[in-house]
Amino acid sequence: MTQKKSSKATGLNGTYYCSKTREYYIFKSDHTGSFVTGSVSSKFRWSLKGSFVILTYSNGGKTELQYNRSSDYLLENSSMLGTLLYEKRKSR
């Protein structure tokens, strides 16, 4: 049963890019990842709760992203920029 749950979560693995802000999230199969903006990178641990991805940063901060599993994109609600769309980059 644990294996089945894990395989669902691994669909999230990869890089998600926002063309509006030129930032991206990187999700790894070990439930760690990075948020990259410019030359700055912030590390986080992630968990999938239904259609939401919960990110817990190493500094203790938290972010919640909406995950669209069928279309492979993330939505982030920003108080300054509105809703940001992060699309999954295809592997090369």
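See above for the structure.
Residues numbered from 1 in each chain as written. Predicted model: local features only at pLDDT ≥ 70, side-chain atom pairs only at ≥ 80, totals over all residues. Heavy atoms only, no water.

Chemist: Help me understand the packing of aromatic side chains in this model?
Modeler: A ring pair, where both rings are aromatic, is described by two values, the distance of the centres and the angle of the planes. A full pass over the atoms with the stated rule returns eight aromatic pairs. Aromatic pair Tyr-16 and Phe-27: ring centres 5.7 Å apart, planes at 85 degrees, arrangement edge-to-face. With Tyr-16 in strand β1 (residues 14-18) and Phe-27 in strand β2 (residues 23-27), the pair connects residues that are 11 residues apart, well separated along the chain. The burial state of Tyr-16 is the same as that of Phe-27; both residues are buried. Site record: aromatic cluster; members linked through ring pairs are Tyr-16, Tyr-25, Phe-27, Phe-35, Phe-44, Trp-46, Tyr-57 and Tyr-86. One Lys or Arg, Arg-89, reaches over the ring of Tyr-17 and ends 4.1 Å from the middle of that ring. (Phe/Tyr/Trp six-rings, centres within 6.5 Å; stacked < 30°, edge-to-face > 60°. Helix = DSSP H or I, 4+ residues; strand = E, 2+ residues; numbered from the N terminus. Buried < 20%, exposed > 50% of the residue type's maximum accessible area, 1.4 Å probe, protein only. Lys NZ or Arg CZ within 6 Å of the ring centre and 35° of its normal.)

Interpretation note: all reported values are geometric properties and have no functional meaning in isolation.
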